[in-house]
Amino acid sequence: MIEYIVKFFTQGAIDQIVARVLTVIFATLVYFTVFYYCKKRKLMPFAYILTLFLVAVFGLSFLPTDNISFYVWFVLFMSLIASLLFFAHDLRHDVFHFSWKKHFRGALENVSVEDLNHSVSEIIKACQKLSKSDTGALIILCDDVNEQIVESGVKLEADISSSLLETIFFHKTPLHDGAVIISANKVVAAGCYLPLSQENNLPREFGTRHRAAIGVSAKYPDITVIVVSEETGIISAVKDGKIKRYLGADQLKRIIDSAMRLTDEGEELSIWGIVEDEEI
């Protein structure tokens, strides 16, 4: 086997050797990209099949056939395209997440952990009071959201407090029907209008708030949306089109801590990951 590998990288013309090296590098990138997302989505059998496939391609590339390199490259290229299409949703999420980290790391560095913890406590307190009074609420926890959404409401730039959130969502106030946008430890805007989900398989009890939460979270995968049902008082959280319902204080705190970047990415993955029980 070792002799075969040595010959693979040394035997033949220089252009053939370079082509083989590039083939191995390309195949390795394809494999580890797919392997990462297979592991993330618990599709490891697919990764094992791909391993056997790439080993076979590796062997074919050493055959002394004039056109074999073209076919090998074509197969590898098609494998990459198929993998990108299959994991397009995950790639979109990760690219969005990377963009957030690069652009918004500085903003959170200016907010102390104590201030963020206080904000989390105030949001939880408000959600519990709103739930008990069957008052509907829609809260977006984000680091960035389309400026048009912010401008559709009223800009506040106010400190987060339970009393402020309760007042905003009180049914006789002019802002109660829209969404509140929270970034870091500030209420950025209130009364904002969101794109509604067009999914046809949503539960019948989901009203406008739930559809708006699912719609905006699918469009902006890195935000977290908290929904309090006006009809039932049930507290739900939505992220990347996935929903968790019937949240108590401890579960809600865990989700908001993650949204506020008070925990690491591993915690976020353990909360959401592949949500099997409540996934839409």
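If you're wondering where the values come from, they're calculated on a predicted model, not measured in any experiment.

Asks: I keep staring at the overall build of the chain and nothing clicks. Help me out?
Replies: Counting its secondary structure elements, the chain contains eleven helices and seven strands. For the chain, with 280 residues in total, the buried portion stands at 42%. A separation of at least 24 residues holds for 64% of the contacts in the chain among residues at least 6 apart in sequence. Carbon and sulfur atoms provide 60% of the accessible area of the chain, an area that totals close to 15,500 Å².

Asks: Looking at this structure, I do not really get the environment of S161. What am I missing?
Replies: Along the chain, the position of S161 falls in the loop between strand 2 (154-159) and helix 8 (162-169). Residues S161 and K186, spaced 25 residues apart in sequence, show a C-alpha to C-alpha distance of 9.3 Å. Here L164 takes part through its backbone nitrogen, which lies 3.1 Å from a polar atom of the side chain of S161.

Asks: Sorry if this is basic, but what is going on with the nonpolar core here?
Replies: Most often, soluble globular proteins have nonpolar side chains that are buried together. Core analysis: the biggest nonpolar cluster contains 32 residues, and I123, I182 and I226 have the highest contact counts within it. Every element with two or more residues in this core is listed here: helix 6 (113-132), strand 1 (137-141), helix 8, strand 3 (179-183), strand 4 (186-192), strand 5 (224-228), strand 6 (235-239) and helix 10 (249-259). With seven residues, the single largest contributor to this core is helix 6. With sequence-adjacent residues up to four places away left out, I226 is seen in contact with C127, A137, L138, I139, L141, I235, S236, A237, L252, I255 and I256. L194, L202, A212 and I243 belong to the second-largest nonpolar core, a separate cluster that totals 23 residues.

Asks: Mind showing me how you'd approach the state of the cysteines here?
Replies: Note on terminology: disulfide describes a covalent bond linking the sulfur atoms of two cysteines. All chains considered together, the criterion is met by zero disulfides. C142 supplies the cysteine sulfur nearest to C192, a cysteine that is in no disulfide, at a spacing of 9.4 Å.

Asks: What is the right way to read helix 9 (residues 208-219) from this model?
Replies: Between its first and last C-alpha atoms helix 9 spans 16 Å; for twelve residues at 1.5 Å apiece the expected length is 16 Å, and the two agree. Against strand 1, helix 7 (147-151), strand 5, strand 6 and strand 7 (242-244) lie the buried residues of helix 9.

Asks: Can you walk me through the pairing of strand 4 in this structure?
Replies: In regular strands, side chains alternate between the two faces of the sheet. Burial within strand 4 is extensive, with six of its seven residues counted as buried. Two strands pair when backbone bridges link them, and strand 2 and strand 4 are joined in this way by four bridges, in the antiparallel orientation. Among the inter-strand pairings, D159 is bridged to a residue of strand 4, identified as K186. Hairpin connection, strand 3 to strand 4: the antiparallel pair is bridged by two residues, and A184 has positive phi, about 55°.

Asks: So what exactly am I meant to see when it comes to the sheet that holds strand 6 here?
Replies: Hydrogen bonding along the main chain pairs the strands of a sheet, whether they run parallel or antiparallel. The strand order across the open sheet built from seven strands is 2-4-3-1-5-6-7, with neighbouring strands paired in mixed fashion. Since the sheet does not close on itself, it has two edges, and those belong to strand 2 and strand 7, each with one partner. Taken pair by pair, the neighbouring strands of this sheet meet at an average axis angle of 20°, ignoring direction. Where helix 10 meets the sheet, its contacts fall on strand 1, strand 5, strand 6 and strand 7, and the angle it forms with strand 5 comes to roughly 150°.

Asks: It is not clear to me how the environment of V216 should be interpreted in this structure. Could you clarify?
Replies: One can find V216 in helix 9. In this structure V216 comes out as buried when scored by relative accessible area, which is 0%. Linking V216 and S197, residues 19 residues apart in sequence, is a C-alpha distance of 7.6 Å. Sequence-distant contacts of V216, that is, excluding residues within four places in its chain, are made with I140, I149, L194, P195, I223 and V225.

Asks: What should I look at first to understand the pattern of salt bridges in this one?
Replies: Proximity of charged atoms lets side chains of opposite charge pair with each other. Counting across every chain of the model gives ten salt bridges. When the shortest N-O distance is used, the salt bridge between K129 and E166 registers 3.8 Å. Taken together, the residues span a long stretch of sequence, with K129 in helix 6 and E166 in helix 8 at a distance of 37 residues. Judged by relative accessible area, which is 24%, E166 ranks as partly exposed. Here R261 makes a salt bridge to E268, at a shortest N to O gap of 3.7 Å. Judged by its relative accessible area of 11%, E268 is buried.

Asks: I keep staring at the pairing of strand 3 and nothing clicks. Help me out?
Replies: Counted residue by residue, strand 3 has four buried out of five residues, so it is predominantly covered. Sheet topology places strand 1 next to strand 3; three bridges connect them, and they run parallel. The residue bridging L141 from the neighbouring strand is I182, located in strand 3. As judged from the four bridges shared by strand 3 and strand 4, these two strands associate in the antiparallel manner. Each residue of the ladder has a partner; that of I182, found in strand 4, is V187.

Asks: For this particular structure, what's the right way to read the packing of helix 6 against helix 8?
Replies: For any two helices packed against each other, the geometry is given by the interaxial angle and the distance between the axes. The geometry of helix 6 relative to helix 8 is characterised by a closest axis approach of 8 Å and an angle of 40° between their N-to-C directions. When the axis of helix 6 is compared with that of helix 8, the two are oblique. The hand of the helix 6/helix 8 crossing is right-handed. On the side of helix 6, the interface is formed by E122, I123, K125, A126, K129 and L130, while helix 8 contributes S162, L165, E166 and F169. Residue composition of the contact of helix 6 with helix 8, grouped by class: five nonpolar, one polar and four charged.

Basis of the calculations
Residues numbered from 1 in each chain as written. Predicted model: local features only at pLDDT ≥ 70, side-chain atom pairs only at ≥ 80, totals over all residues. Heavy atoms only, no water. Helix = DSSP H or I, 4+ residues; strand = E, 2+ residues; numbered from the N terminus. Buried < 20%, exposed > 50% of the residue type's maximum accessible area, 1.4 Å probe, protein only. Contact = heavy atoms within 4.5 Å. Areas by Shrake-Rupley, 256 points an atom, 1.4 Å probe, with all protein chains shown as cover. Polar contact = N/O pair within 3.5 Å; in protein donor to acceptor, adjacent residues only side chain to side chain. Core = buried A, V, L, I, M, F, W, Y, C linked by side-chain atoms within 4.5 Å. Disulfide = S-S within 2.5 Å. Expected span 1.5 Å × (residues − 1). Pairing = 2+ DSSP bridges. Axes fitted to C-alpha atoms, helices over the stretch in contact; angles between N-to-C directions. Salt bridge = Lys/Arg side-chain N within 4 Å of Asp/Glu carboxyl O. Parallel < 35°, antiparallel > 145°, perpendicular 65-115°, else oblique. Left-handed = near helix turned anticlockwise from the far one by under 90°. Nonpolar A, V, L, I, M, F, W, Y, C, P; charged D, E, K, R; others polar.

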